[in-house]
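Each chain, letter by letter, is given below.
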Amino acid sequence: MYREPFDEDDVAAEVELPAAYAPDDLLDPAEDAEYAGAGETVSVQQEIQIPDVIRTFLFALARNVQEHNTWELHSMYENTFNKLTEKFYPKQPWPDPDAVAEIIEGGCVCVCFFPWPGMGRDFLHWVSPDVAVNILYRELYYRHIYSKLQPNIHDRFNSYLNYCELFNYILNNNSSEPVDLELPNQWLWDIIDEFIYQFQAFCHYRGKVKNKSDEELEMLRERPDIWNVHNVLNVLYSLIQKSKINEQLRVSKHGGDMLEIAGEFGSRPLYRMLGYFSIIGLLRVQCLLGDYVLALKTMENIELNKKGLFAKVTACHVTTYYYVGFAYMMMRRYADAISAFAHILLFVSRTKQYHTRSYQHEMISKKSEQMYALLTICVALSPQRVDESVHTLMREKYGEQLSKMQKGEEGITVFEELFNFACPKFIWPVPPNYNVAVNAAQEPSKYQLQRFLSEVNQQLMVPTIRSYLKLYTTLETEKLATFLESTPDEVRTQLLVFKHKTRQRRWESGSVLDGEYAATSDLDLYLKEDMIHIAESKVGRRVGDWFIRNINKFEDIISNMNRR
């Protein structure tokens, strides 16, 4: 299922969108006298000081978007934008999109809509020769607020509406031709990733009813369509179907040419990559909702044992394996989860020198720490052989916790701590009752923790029984009952639990959801009358990797001594 460890050279039918995706229809000004003039054409004028270097960046951004210069866009997006943010806007928003649009368009006129009373930063629908530039800047503007500042309810609403306009522009349901836009793969991934992150953040925000003002509660009641789960899923499925990415991947799996089935939209890099990243996005959303089978089902056409498109963006690569591994763990497929986590952690450790120079370094480091915690949980529940370098780091980070988790009931609190640290922030798919002043944002996570601990409690005695069985080839049930301070009948029950929990579904071939049930432990047993017969299958040590690694270390030491 998983590729061999990466070499360093490897590093270098449409769905109708909901009405919520039509910003022009958000409000009929005639319906409210307060906004009788809201639809009038206005000129946006703001007295705002924008440094010359920022103006130069904005003009260059607009020019490169219009000229489809993806190489320059990649450099501006990944390097220049972050450097300018650190220098000019570390603790404040970037220039207001209204003023920026006026600068870029040279005083272009816009149509202003006021969707609801008391709006702080009004949502503007620009009538622009190239609307993509303004939409993309607003996407960066709100993402910066989410990343460095604290978004208010107006920011959350406006950011969602801007994503609506962006995806309407790209999907372009009223046209038979794709839009004339090209963006770097990193930016396309971040659009999907940030879209889902803001949806997740909004679900937690609206769940904290007790902390809301009356104005916020009224806005939330009036606009249940904002960040609605059906709208979010609709966007992802629409991008997948528009690009025909599943059909392309299916053809590619059987050795065919992807472009033969891609069509006019799917043959464009913009649509192909957005469709592909939307599959990873669906994997994430379904995990957040707790539907792990459907999460893996969405990955049926992506082959993790081959280098796929997810490897083009490191953050996408890490995200894919994190959620696949977590879904496996929650489905009690610990061996597959260990394979997923060990594979990506080995990749990250071998390429960490590249990540330290990337703005994604913090995200990758955090996900790596979480995956080491999840790997420790899986190894405690189902001991497996892991790559030595990954196992060494795991023991350094969580060796003490691993020992506690293998000692029965005293390890329950450790399981709970590691799970809370490493699990995703689960969400409810529906809004809470805004009339009840309680904070229910953490309820989904508590429910998932309860289900996980229920599984852990069922196999608390498995590590202890395993430690005794490894010492014998035959053992009487009464003697084992004495060791466990239990009764022979209870021991028989625990032996059945041992047999059940050490048989798991393991991937052999096909999609990530496929697999055959097999024993995952190095111990097997059968019970004949009152005698336990134990068979242990010993796996030979892989000493070659150990010698190669230490020879390389020895050569490095010698070369360092010679240079001195």
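Because the structure is a prediction, the values reported are computed rather than measured.

A.B. asks: Quick rundown of the environment of Asp 180? Include the residues and the values.
C.D. replies: For Asp 180, the position within the fold is in the loop between α5 (153-171) and α6 (185-207). On the basis of relative accessibility, which here comes to 53%, the residue Asp 180 falls in the exposed class. For the pair Asp 180 and His 68, spaced 112 residues apart in sequence, the C-alpha separation works out to 8.5 Å. Beyond its immediate chain neighbours, meaning those up to four positions away, Asp 180 contacts His 68 and Arg 268. Within polar-contact distance, the side chain of Asp 180 engages the side chain of His 68 at 3.1 Å.

A.B. asks: Lay out the pattern of salt bridges in plain terms, naming residues and giving numbers.
C.D. replies: Under the defined criterion, the tally for this structure stands at 17 salt bridges. Residue Arg 138 pairs with Glu 165 through a salt bridge whose shortest N-O separation is 3.0 Å. Of the two residues, Arg 138 sits in helix α4 (residues 131-148) while Glu 165 sits in helix α5, which places them 27 residues apart along the sequence. For the pair Arg 138 and Glu 165, a shared accessibility class is recorded, and that class is buried. Glu 218 is the partner of Arg 221 in a salt bridge, and the nearest nitrogen-oxygen pair spans 3.8 Å. Here Glu 218 and Arg 221 lie together in helix α7 (residues 214-222), a separation of three residues that amounts to about one turn. Salt bridges sharing partners connect three or more residues here, namely Glu 139, Arg 143 and Asp 190.

A.B. asks: Can you tell me about the sheet that holds strand β8 (residues 531-536), naming the residues and giving the values?
C.D. replies: Taken together, the three strands give an open sheet; going across it, the order is β4-β8-β7, and neighbouring strands pair in antiparallel fashion. Each edge of the open sheet is held by one strand with a lone partner, namely β4 (474-476) and β7 (523-528). In this sheet, neighbouring strand axes are inclined to one another by 25° on average, regardless of whether the strands run parallel or antiparallel. Two strands pair when backbone bridges link them, and β4 and β8 are joined in this way by three bridges, in the antiparallel orientation. Bridge assignment links Glu 476 to a residue of β8, and that residue is Met 531. Contacts between helix α21 (residues 477-484) and the sheet are confined to β4, β7 and β8, with β4 contributing the most and set at about 75° to the helix. Strand contacts of helix α22 (residues 488-501): β7 and β8, with the helix running at about 140° to β7, the strand carrying the most contacts.

A.B. asks: Help me get a handle on a nonpolar patch on the surface, residues and values and all.
C.D. replies: Taken together, the side chains of Trp 546, Phe 547 and Ile 551 define a hydrophobic patch exposed on the protein surface, amounting to about 310 Å² of accessible area. Along the polypeptide, Ile 551 turns up in helix α23 (residues 543-563).

A.B. asks: Give me the pairing of β7: which residues, what numbers.
C.D. replies: Of the pairings in the sheet, the one linking β7 to β8 comprises six bridges and is antiparallel in character. Counterpart to Leu 523 in the pairing with β8 is Glu 536. Counting the residues in the hairpin turn of β7 and β8 gives two residues, including Glu 529, whose phi is positive at 55°.

A.B. asks: Residue-level account of the environment of Asp 98, with values.
C.D. replies: Within the secondary structure, Asp 98 is located in helix α3 (residues 97-105). For Asp 98, a relative accessible area of 14% gives the class buried. Sequence-wise, Asp 98 and Arg 138 are 40 residues apart; in three dimensions their C-alpha atoms are separated by 9.3 Å.

Analysis parameters
Residues numbered from 1 in each chain as written. Predicted model: local features only at pLDDT ≥ 70, side-chain atom pairs only at ≥ 80, totals over all residues. Heavy atoms only, no water. Helix = DSSP H or I, 4+ residues; strand = E, 2+ residues; numbered from the N terminus. Buried < 20%, exposed > 50% of the residue type's maximum accessible area, 1.4 Å probe, protein only. Contact = heavy atoms within 4.5 Å. Polar contact = N/O pair within 3.5 Å; in protein donor to acceptor, adjacent residues only side chain to side chain. Salt bridge = Lys/Arg side-chain N within 4 Å of Asp/Glu carboxyl O. Pairing = 2+ DSSP bridges. Axes fitted to C-alpha atoms, helices over the stretch in contact; angles between N-to-C directions. Patch = residues over 30% accessible without salt bridge, like charges linked within 9 Å, V, L, I, M, F, W, Y side chains within 5 Å. Areas by Shrake-Rupley, 256 points an atom, 1.4 Å probe, with all protein chains shown as cover.

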